[in-house]
Amino acid sequence: MAGGNAVIVKPATDNPLTIMKIVEICWECGVPGDVLQLVTGRGAVVGEILAESPDVQAISLTGSTEVGCEVAQKASRTLKRVFMELGGNDPFIVFEDADLDRAIVDAVAGRIQNAGQTCCSPKRFIVQNSVKDAFIAGVQARISALHIGSPLDEASEMGSLISPKAAAGVQKQVEQTVAQGAKLVCGGHVMQQTYFEPTILDGVTLEMDAARDMEIFGPVFPVIGFDTEEEAVQIANATIYGLQSGVMTRSIERAMRVASKLECGGVVINSSGNYRHLDQPFGGWKKSGIGREGVSVTLDEMTQAKSYILKNVLA
């Protein structure tokens, strides 16, 4: 709207109420209803109509890579501009010279936020073998002390997943990873239909789906060991995704060197990649999305450039 556009909002099917309330507040504050409209419904129906409509000039989507590819394909028929913030399998690299206590705190904080349902939360924990056991022990101690419960309880540190289906899906992914050879250190089960136990998986290797292209959208910590810096970068980049990354090390030279080699849209040095600032051009490489969001770039994405060439106007 700041760029002069009329906007149609299509909320997510599973959790539409917050954005519906925000739109209602905007109307109450004087935003015209024909400038900001809201349409609810399933993406397979409403989303398809919007994506294929010749009257829609651009689409901004936050969702799964699978849905993003479908929407982009439909939008291409009318050459719409698309901006997509999609899936991720974000690496969190811990070198042996890192502040291990800080790495453990930030790993847990980054992963349990929103019960692990955050696009840029750390989802693969790539830890140097010399400190891997200590890292796992520290993470296990920290998650075992978490207060898990309703967000209405101020003492809660982690809540539920969005639906029973989502919780069951995470359990299936954990079971698949264990079947492929990973060791279940703790957790791994659904609680009260929608809650999922914080889970640590050790011995994850590049041959397993969790180490590459399977995004686990829940509080699960797949731990992958490495020996050399080059190996850590190789593991981190061995995925179709490239949203955010975190690098833990006391060496700024190593941090910058590794960050420059990571195939992703943003790198947080000495914390997890679960970070986003309004001024940051936020977005991903590869199948994590197209375009960037943020105050510094959104207006460029949402406007068209036009050149005015003045000839013979001063005569």
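The paragraphs below set out a description of the structure included in this document. From a predicted model like this one, the values you see are computed outputs, not experimental measurements.

## What about the packing of aromatic side chains?
Argument step 1. Considering all chains together, one arrives at four aromatic pairs under this definition.
Argument step 2. Measuring from centroid to centroid gives 6.3 Å for phenylalanine 125 and phenylalanine 135, while their planes differ by 35°, and the two rings are tilted. In this pair, phenylalanine 125 sits in strand 6 (residues 124–128) while phenylalanine 135 sits in helix 5 (residues 129–144), placing the two residues ten residues apart along the sequence.
Argument step 3. Through a chain of ring-to-ring contacts, three or more aromatic side chains come together here, namely Phe92, Phe125, Phe135 and Phe221.

## Re the environment of glutamine 234
Argument step 1. Summarising the element assignment, glutamine 234 is placed in helix 7 (residues 229–237).
Argument step 2. When the C-alpha positions of glutamine 234 and leucine 262 are compared, they lie 8.8 Å apart, and in sequence the two are 28 residues distant.

## Section: the side chain of threonine 239
Argument step 1. Relative to the helices and strands, threonine 239 is located in the loop between helix 7 and strand 12 (241–242).
Argument step 2. By relative accessible area, threonine 239 is classed as buried at 9%.
Argument step 3. A polar side-chain atom of threonine 239 sits 2.7 Å from the main-chain carbonyl oxygen of arginine 212.
Argument step 4. Reaching out from threonine 239, the side chain makes a polar contact with the side chain of aspartate 213 at a distance of 3.4 Å.

## What about unusual backbone geometry?
Argument step 1. Its identity as a non-glycine residue notwithstanding, asparagine 114 has a phi of 55°, on the positive side.
Argument step 2. Its identity as a non-glycine residue notwithstanding, glutamine 193 has a phi of 75°, on the positive side.
Argument step 3. Note on placement: glutamine 193 falls in the loop between strand 8 (190–191) and strand 9 (195–196).
Argument step 4. We classify glutamine 193 as exposed; its relative accessible area is 60%.

## Re the packing of helix 4 (residues 100–112) against helix 5
Argument step 1. At their nearest, the axes of helix 4 and helix 5 sit 9 Å apart, and the two run at 50° to each other. Taken together, the axes of helix 4 and helix 5 lie oblique to each other. Note on packing geometry: the crossing formed by helix 4 with helix 5 is right-handed. Across the interface between the two elements, Leu100, Ala103, Ile104, Val105, Ala107 and Val108 from helix 4 touch Val131, Ala134, Phe135, Gly138, Val139, Arg142 and Ile143 from helix 5.
Argument step 2. Among the residues making up the contact of helix 4 with helix 5, the classes are represented as eleven nonpolar, one polar and one charged.

## Details of the layout of surface pockets
Argument step 1. Space inside the second largest pocket adds up to approximately 190 Å³.
Argument step 2. What lines the second largest pocket is a set of 14 residues, and nearest its centre among them are Gly149, Pro151, Met158, Gly159 and Ser160.
Argument step 3. Of the residues contributing to the lining of the second largest pocket, the split by class is four nonpolar, eight polar and two charged.

## A short note on the packing of helix 2 (residues 43–52) against helix 3 (residues 65–75)
For any two helices packed against each other, one specifies the inter-axial angle together with the distance between the axes.
Argument step 1. Following both chains from N to C, one finds helix 2 and helix 3 inclined at 35°, their axes separated by 8 Å at the closest point. In the crossing of helix 2 with helix 3, the sense of the turn from one axis to the other is right-handed. The segment helix 2 lies against helix 3, with Glu48, Ala51 and Glu52 engaging Val71, Lys74 and Ala75.
Argument step 2. A class-by-class count of the residues in the contact of helix 2 with helix 3 yields three nonpolar, no polar and three charged.

## Side note on the environment of valine 94
Argument step 1. By secondary structure assignment, the location of valine 94 is in strand 5 (residues 91–94).
Argument step 2. For valine 94 and phenylalanine 226, which are 132 residues apart along the polypeptide, the C-alpha to C-alpha distance reads 9.6 Å.
Argument step 3. Leaving out residues up to four positions away in the same chain, valine 94 has contacts with Leu100, Ala103, Ile126, Val127, Gln128, Phe135, Phe226 and Met248.

## Notes on the state of the cysteines
Argument step 1. On inspection of all chains with the given rule, the structure shows zero disulfides.
Argument step 2. In this structure cysteine 120 is a free cysteine whose sulfur lies 4.4 Å from that of cysteine 119, the closest cysteine sulfur available.

## A short note on empty space enclosed by the protein
Argument step 1. Tallied over the full model, the rule gives two cavities of 30 Å³ or more.
Argument step 2. Put simply, the largest cavity is a space of about 60 Å³.
Argument step 3. Contributing to the lining of the largest cavity are 15 residues, with Pro91, Ala236, Tyr241, Gly242 and Glu263 lying nearest its centre.
Argument step 4. Across the lining of the largest cavity, the residue classes break down as six nonpolar, six polar and three charged.
Argument step 5. What lines the second largest cavity is simply Phe83, Met84, Glu85, Phe282, Gly283, Ile290, Gly291, Arg292 and Glu293.
Argument step 6. The element contributing the most residues to the lining of the second largest cavity is strand 4 (residues 81–85), with three residues.
Argument step 7. Partitioned by chemical class, the residues of the lining of the second largest cavity number four nonpolar, two polar and three charged.

## Topic: the pairing of strand 5
Argument step 1. On strand 5, burial covers both faces: Pro91 and Ile93 on one face and Phe92 and Val94 on the other are all buried.
Argument step 2. As defined by bridge partners, strand 5 adjoins strand 6 across four bridges and the pair is classed as parallel. Across the sheet, the residue bridging to isoleucine 93 is isoleucine 126, located in strand 6.
Argument step 3. In this region the chain leaves strand 5, passes through helix 4 and returns to the parallel neighbour strand 6; the handedness of that crossover is right-handed.
Argument step 4. Where strand 5 meets strand 13 (residues 244–248), three bridges bridge the pair, whose relative direction is parallel.

Conventions adopted
Residues numbered from 1 in each chain as written. Predicted model: local features only at pLDDT ≥ 70, side-chain atom pairs only at ≥ 80, totals over all residues. Heavy atoms only, no water. Phe/Tyr/Trp six-rings, centres within 6.5 Å; stacked < 30°, edge-to-face > 60°. Helix = DSSP H or I, 4+ residues; strand = E, 2+ residues; numbered from the N terminus. Buried < 20%, exposed > 50% of the residue type's maximum accessible area, 1.4 Å probe, protein only. Polar contact = N/O pair within 3.5 Å; in protein donor to acceptor, adjacent residues only side chain to side chain. Axes fitted to C-alpha atoms, helices over the stretch in contact; angles between N-to-C directions. Parallel < 35°, antiparallel > 145°, perpendicular 65-115°, else oblique. Left-handed = near helix turned anticlockwise from the far one by under 90°. Contact = heavy atoms within 4.5 Å. Nonpolar A, V, L, I, M, F, W, Y, C, P; charged D, E, K, R; others polar. 1 Å grid on protein atoms, 1.4 Å probe; cavity = no way out; pocket = protein on both sides within 12 Å on 5 of 7 lines; lining within 4 Å. Points joined across faces, edges and corners; volume = space filled by probe spheres on them. Disulfide = S-S within 2.5 Å. Pairing = 2+ DSSP bridges. Right-handed = clockwise from strand over helix to strand, strands pointing away.

The values reported here are purely geometric and, on their own, carry no functional implication.
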